[in-house]
Amino acid sequence: MPYGDGTGPLGGGPGTGRGMGRGGGRGRLGGNRPGAGPGGDCVCPKCGTKMLHQQGTPCYSINCPSCGTKMMRG
């Protein structure tokens, strides 16, 4: 604030506002896991059983049909 009254010079150029140009978004591969899209498999971390990922249902909410452990994205 060079003028002492809180106004300062007008403008200031591109990208001078708060949070501008710092890449505060989710990044190139945002999401809960990079590359995790609608396709792929759910894998059991205990026994290794794989099953097709069902869109709209997170793998961690599915129990393994073989051993009952929570599945994870694979």
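That block above? That's the structure.
The present account deals with the structure reproduced in this document.

Each value, and the rule that gives it
- Throughout, a residue's number is its position along its own chain's written sequence, starting from 1.
- Thresholds applied to this predicted model are a pLDDT of at least 70 for local features of residues and 80 or more for the giving and counting of side-chain atom pairs; totals over whole chains, interfaces and linings are not thresholded and use all residues.
- Values reported for side chains reflect all heavy atoms of the structure, with hydrogen atoms and water molecules removed beforehand.
- By the criteria applied, helices consist of DSSP H or I runs no shorter than four residues and strands consist of E runs no shorter than two, each listed in order from the N terminus.
- The buried label goes to any residue with under 20% of its type's maximum accessible area, the exposed label to any with over 50%, and the partly exposed label to all in between, with areas taken from a 1.4 Å probe on protein chains only.
- Residues count as neighbours in contact if any of their non-hydrogen atoms are within 4.5 Å of one another.
- The protein chains shown are the only cover counted for residues, whose accessible areas, like all others here, come from Shrake-Rupley with a 1.4 Å probe.
- In what follows, a disulfide is any cysteine sulfur pair within 2.5 Å.
- In this analysis, strands are considered paired if DSSP registers two or more bridges between them.

1. Quick notes on the overall build of the protein chain
Regarding its fold elements, the protein chain presents zero helices and three strands. A burial count over the protein chain gives 12% of its 74 residues as buried. A sequence separation of at least 24 residues applies to 28% of the contacts in the protein chain between residues at least 6 apart. About 5900 Å² of surface is accessible on the protein chain, with carbon and sulfur atoms providing 53% of the total.

2. Some thoughts on the state of the cysteines
Considering all chains together, one arrives at one disulfide under this definition. A sulfur-sulfur separation of 2.0 Å characterises the disulfide bridge that pairs Cys-42 with Cys-59. Its torsion about the S-S bond being -70°, the disulfide of Cys-42 and Cys-59 is classed as left-handed. Of the two residues, Cys-42 sits in strand β1 (residues 41–43) while Cys-59 sits in the loop between β2 (50–52) and β3 (72–73), which places them 17 residues apart along the sequence. By relative accessible area, Cys-42 is classed as buried at 0%.

3. Quick notes on the sheet that holds β1
Strand order in the open sheet formed by three strands is β2-β1-β3, and the pairing between neighbours is antiparallel. In this open sheet, the two edge strands, each paired with only one partner strand, are β2 and β3.

4. Digging into the environment of Met-51
As for its placement among the helices and strands, Met-51 is situated in strand β2. The partly exposed category is assigned to Met-51, whose relative accessible area is 24%. Along the primary structure Met-51 and Cys-64 are separated by 13 residues, whereas in three dimensions their C-alpha atoms are 8.8 Å apart. Residues contacting Met-51, with those up to four places away along its chain left out, are Asp-41, Cys-42, Ile-62, Pro-65 and Met-71.

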